[in-house]
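Analysis of the macromolecular model
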Amino acid sequence: MNVSEKQHKADHRSRPTGAAFRTFMGSHWAPRSTELPELTEAARYAATRREAVSAAFPGERLVVPAGGLKIRSNDTDYVFRPHSAFAHLTGLGVDREPDSVLVLEPVIAADGTPAGHEAVLYFLPLADRDSEEFFADSRVGEFWVGSRPTLSSAAAELGLATRHLDQFADAIGKDAGPGGLSVRMVREADREVTMLVDQVRGQVGLTQDEQATTAVQLADEAFSRALSTLRLVKDDWEVRQMEEAVAATATAFDAVVEQLPEAVRRGRGERWVEGVFGLHARHTGNGVGYDSICAAGEHATTLHWNRNTGELSRGDLLLVDAGVETDSLFTADVTRTLPVDGTFTPAQRQVYDAVLAAQEAGLAAARPGNRFKDIHAAAIKVIAEHLLAWGLLPDGVTLEQTLDAEEGQFHRRWMVHGTSHHLGIDVHDCALALREDYVEGELREGMVLTVEPGLYFKSDDLLVPEELRGIGVRIEDDVVITADGCRNLSQMLPRTAEEVESWVRSGGVRQS
């Protein structure tokens, strides 16, 4: 497999091909540096994670692709982001090394028993300057996209063996087959790699019939699930990355608050807010960790409003759900609901305080020994209590009835989402983990979670008093589970109604 196979068929550029031109382009360049980089801190922690994966799948060849470039339009690609499992197990972040593949190659001891794995990175290294790739390949050529690592520099940076990507196809089937090595892979990471590995499996007899093919695919799914579950508990380095992401996010929120008057003045204010946050995210990190939700007025009642085409007006609430992603790809996920003119109306304050009380209950439940779902249960109970007190639940329905998972849940009309999710290298991290490990799982020290209750009263909801219609409020913080509770990583951002009003009135200056 080589990158040229992924190029576009049509090419309308004029491209000189003469030997004299190639010689001219490849000559009279200053020597490249031979100094090797130091092993990164991210790579040291990634090696420990690979050891855990090795122990879970002894004697098997394990394939984790980074994924490839994706076309945005015609011959223009989206900015590359490696698959999360690949980044987690190599330490490579940002837009590094598309099409590369991490292989954990099993090591077999002299007695025939598994003895761990050797980590091998297959990638496209820096091309020689006398190659056509150097000056003519607009996707990977150094003239077009900049320098890339060599095999030796990548090995030094990441602390693993490196080989040219062209060797991957031959290596993947070596000693594999019935009675030999089995091969597992992250199927969803790269379609081309998946097709190649499946083809090799067929050639070596691992997928001789439909039953065998199904068994192999189920094994792949179990492998992907294990890699996702591995991220449930963060190591010290990951927690530090989350702290950096949240700190950068807090700074970006300050800038948004400072720019609220300008967003009102310019029109299409949601886009202005989105742009301000994105500027800071791109400057301090890799960018935003997900499409920012900048929802003013009625738009705040739409959970995933990220069109961000609306106006900001005095008297509105602005719900901003956004997070900065670090260069290591760890992302924050914070929501604040702001009165655009610095003062909550009585109705807005009524809803805001109810959501804040629900969040406080959720935060109190975020402690080791509790289950993940206990956070939602604590927060939603408070939400339901307020809705019941406001007379919004159906006549005759008690608190216990609406909280009943089978026959109740009437409160979900106004808060349909969950209160929490795992957070890390993905904004919804560990998504492939089984329910028993996630929703039903016990909270453990080192887990990083969101706590984000909300209330959303749509403007056309006739069950809601008129003064509450069109009000949407969500408050979201990122917490790490500690030995005796949780630590709110985003606690530097104002949360109470009084603190938020003061923050907005001061133009984004947080009060100590």
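Heads up: the structure comes first, above all this text.
Residues numbered from 1 in each chain as written. Predicted model: local features only at pLDDT ≥ 70, side-chain atom pairs only at ≥ 80, totals over all residues. Heavy atoms only, no water.

From N to C terminus, the protein chain includes 16 helices and 17 strands. Scaling as 2.2 N^0.38, a compact globule of 512 residues should have a C-alpha radius of gyration of about 24 Å, and the protein chain matches this with 26 Å. Over its C-alpha atoms, taken along the principal directions, the protein chain stretches across nearly 75 × 55 × 40 Å. For the protein chain, the proportion of its 512 residues judged to be buried stands at 50%. Across the protein chain, contacts joining residues at least 24 apart in sequence account for 70% of those joining residues at least 6 apart. Of the roughly 23500 Å² of accessible surface on the protein chain, 50% is carried by carbon and sulfur atoms. (Helix = DSSP H or I, 4+ residues; strand = E, 2+ residues; numbered from the N terminus. Rg over C-alpha atoms; globule rule 2.2 N^0.38 Å. Buried < 20%, exposed > 50% of the residue type's maximum accessible area, 1.4 Å probe, protein only. Contact = heavy atoms within 4.5 Å. Areas by Shrake-Rupley, 256 points an atom, 1.4 Å probe, with all protein chains shown as cover.)

Another point: the pairing of strand β13 (residues 448-451). Here β13 shows two buried faces, one formed by Val448 and Thr450 and the other by Leu449 and Val451. In this structure, β13 lies alongside strand β16 (residues 477-481), joined through four bridges in antiparallel fashion. Within β16, the position partnered with Thr450 by the bridge is Asp478. (Pairing = 2+ DSSP bridges.)

Turning our eyes to something else, we now look at unusual backbone geometry. The residue Glu97 is not glycine, and still its phi comes out positive at about 55°. You can see Glu97 is positioned in the loop between α3 (84-90) and β4 (101-108). By relative accessible area, which is 9% here, Glu97 ends up buried.

This part is about the nonpolar core. Ranked by internal contacts, the top residues of the largest apolar core, which has 56 residues, are Val273, Leu455 and Phe457. Here this core takes nine residues from helix α13 (residues 346-365), the largest share from any one element. Those residues in contact with Val273, other than ones at most four positions away along the chain, are Val256, Leu260, Ala263, Cys294, Leu312, Leu318 and Val320. The next biggest cluster of nonpolar side chains, apart from the first, holds 23 residues, and it includes Phe80, Leu89, Leu121 and Ala154. (Core = buried A, V, L, I, M, F, W, Y, C linked by side-chain atoms within 4.5 Å.)

Looking now at the sheet that holds strand β5 (residues 114-123). An order of β6-β5-β4-β1-β7 is seen for the five strands of this open sheet, with the pairing classed as mixed. Among the strands making up the open sheet, the edge pair consists of β6 (161-164) and β7 (183-185). This sheet shows a mean twist of 25° between the axes of neighbouring strands, independent of strand direction. Relative to β6, β5 is paired through four bridges, and the arrangement is parallel. Bridging from a neighbouring strand, Phe123 pairs with His164 of β6. Set on the sheet, helix α6 (residues 151-158) makes contact with β5 and β6; between it and β6 the angle comes to about 150°. (Axes fitted to C-alpha atoms, helices over the stretch in contact; angles between N-to-C directions.)

Let us now look at the packing of helix α2 (residues 41-56) against helix α10 (residues 236-258). Two elements in contact, α2 and α10, have axes whose closest approach is 9 Å; the angle formed by their N-to-C orientations is 135°. When the axes of α2 and α10 are compared, the pair comes out oblique. The segment α2 lies against α10, with Glu41, Ala42, Tyr45 and Arg49 engaging Asp236, Trp237, Glu238 and Arg240. Counted by class, the contact of α2 with α10 contains three nonpolar, no polar and five charged residues. (Parallel < 35°, antiparallel > 145°, perpendicular 65-115°, else oblique. Nonpolar A, V, L, I, M, F, W, Y, C, P; charged D, E, K, R; others polar.)

This part takes up the pairing of strand β14 (residues 454-457). Judged by which residues are buried, β14 turns out to be covered on both faces: Gly454 and Tyr456 on one side and Leu455 and Phe457 on the other are all buried. The pairing of β14 with strand β15 (residues 471-474) spans four bridges and is classified as antiparallel. From the neighbouring strand, Leu455 faces β15, where its bridge partner is Val473.

We now examine the pattern of salt bridges. For the structure shown, the criterion picks out 36 salt bridges. Notably, a salt bridge pairs Glu501 with Arg505, separated by 4.0 Å at the nearest N-O pair. Of this pair, Glu501 and Arg505 both sit in helix α16 (residues 497-505), four residues apart, which is roughly one turn of that helix. For Arg505, a relative accessible area of 56% translates into the label exposed. Linked through salt bridges whose partners overlap, the residues forming this network are Arg81, Arg231, Lys234, Glu325, Asp426 and Asp429. (Salt bridge = Lys/Arg side-chain N within 4 Å of Asp/Glu carboxyl O.)

Attention now moves to the packing of aromatic side chains. Counting across every chain of the model gives 13 aromatic pairs. Ring centres of Phe57 and Phe223 lie 5.3 Å apart, and the angle between their planes is 90°; on these two criteria the pair is classed as edge-to-face. You can see Phe57 sitting in the loop between α2 and β1 (61-65) and its partner Phe223 sitting in helix α9 (residues 210-229), a full 166 residues away along the chain. Residue Phe57 shares its accessibility class with Phe223, and that shared class is buried. (Phe/Tyr/Trp six-rings, centres within 6.5 Å; stacked < 30°, edge-to-face > 60°.)

What follows is about the environment of Ala169. In this structure, Ala169 sits in helix α7 (residues 168-172). Separated by 297 residues in sequence, Ala169 and Glu466 place their C-alpha atoms 65 Å apart.

Residue placement: Glu325 occurs in strand β11 (residues 324-325). A distance of 3.4 Å separates the side chain of Glu325 from the side chain of Arg81, its partner in a polar contact. Aside from chain neighbours lying at most four places away, what touches Glu325 is Arg81, Gly285, Asn286, Gly287, Val288, Gly289, Phe330 and Thr331. (Polar contact = N/O pair within 3.5 Å; in protein donor to acceptor, adjacent residues only side chain to side chain.)

Worth remembering: the numbers are spatial, not functional.
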